[in-house]
Amino acid sequence: MKLKNRVKELRARNNINQQDLATRVNVSRQTISSIEGGNYHPSILLALIIAKEFNVSVNELFYLEEDNEN
């Protein structure tokens, strides 16, 4: 299973760029970019902070996707 997220989608919906979100949640723009790209899995605390920023649950922001490998 892979951890996926809707950070980029929610940023676009709310017209927020990566730097603005990073500033709001007190991380670097590179951290936001890495989360969106699936290269970094945030701590539970950071996941909660980002979810709160978008007024969604962590489950709405992050989800598991099945691997298609056999």
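In every chain, residue numbers begin from 1 and rise along the written sequence. Per-residue local features are limited, in this predicted model, to residues with pLDDT of at least 70; the limit for side-chain atom pairs, both in listing and counting, is 80 or more; totals at the level of whole chains, interfaces and linings are taken over all residues. Each side-chain value is derived from all of the structure's non-hydrogen atoms; neither hydrogens nor water enter the calculation.

**Thoughts on the overall build of the chain**
Counting from the N terminus, the helices are DSSP H or I runs at least four residues long and the strands are E runs at least two residues long. Of the regular secondary structure elements, the chain holds five helices and two strands. In the chain, the succession of helices and strands from N to C terminus is β-α-α-α-α-α-β. Expected size for 70 residues packed as a compact globule is a radius of gyration near 11 Å; at 12 Å, the chain falls within 12% of this value. Each principal axis of the C-alpha distribution contributes one length, and for the chain these read about 40 × 25 × 25 Å. Only protein chains enter the calculation, and the probe is 1.4 Å; a residue is then buried if its accessible area is under 20% of its type maximum, exposed if over 50%, and partly exposed in between. Counting every position in the chain, which comprises 70 residues, the buried fraction comes to 29%. Pairs at least 24 residues apart make up 57% of the contacts formed inside the chain by residues separated by at least 6 positions. For accessible areas, the Shrake-Rupley method is used with a probe of radius 1.4 Å. Any residue's cover is judged against the shown protein chains and nothing else. Surface accessibility of the chain: about 5000 Å² in total, with carbon and sulfur atoms responsible for 43%. Of the side chains in the chain, 9 bear a positive and 9 a negative charge, and the two mean positions are spaced by 6 Å. C-alpha atoms define the radius of gyration, and 2.2 Å times the number of residues to the power 0.38 defines the globule rule. Contact definition: two residues touch when any of their heavy atoms are within 4.5 Å. The charged-residue count follows a simple rule in which Lys and Arg add positive charge and Asp and Glu add negative charge, with His and chain termini not counted at all. A charged residue contributes its charge at one atom only: NZ of Lys, CZ of Arg, CG of Asp or CD of Glu.

**As for the side chain of glutamine 18**
Tracing the backbone through its elements, the reader meets glutamine 18 in helix α2 (residues 18-25). Its relative accessible area of 16% is what places glutamine 18 among the buried residues. Apart from residues lying up to four places away in sequence, glutamine 18 is in contact with Arg11, Arg29, Ile32, Ser33 and Glu36.

**Focus on the environment of phenylalanine 62**
Structurally, phenylalanine 62 can be placed in strand β2 (residues 62-65). Looking at phenylalanine 62, the relative accessible area reads 9%, which means it is buried. Considering only alpha carbons, one finds phenylalanine 62 and arginine 6, 56 residues apart in sequence, at a separation of 6.6 Å. Excluding residues within four positions of it along the chain, phenylalanine 62 makes contact with Leu3, Lys4, Asn5, Val7, Ile35, Pro42 and Ala47.

**Let's talk about α2**
When α2 is considered as a whole, its buried residues turn out to be Gln18, Leu21, Ala22 and Val25. Taken down its axis, α2 places every buried residue within 100° of arc, on the same side. Measuring from the side-chain oxygen of the N-cap residue of α2 to the backbone nitrogen of glutamine 19 gives 3.1 Å; that N-cap residue is asparagine 17. A positive backbone phi angle near 65° is found at asparagine 26, which sits one or two residues after α2. Working definition: the arc comes from the directions between the helix axis and the C-beta atoms, pointing outward to the latter. Polar contacts here mean pairs of N or O atoms no more than 3.5 Å apart (in protein, one a potential hydrogen donor and the other a potential acceptor; neighbouring residues in sequence count only if both atoms are side-chain atoms).

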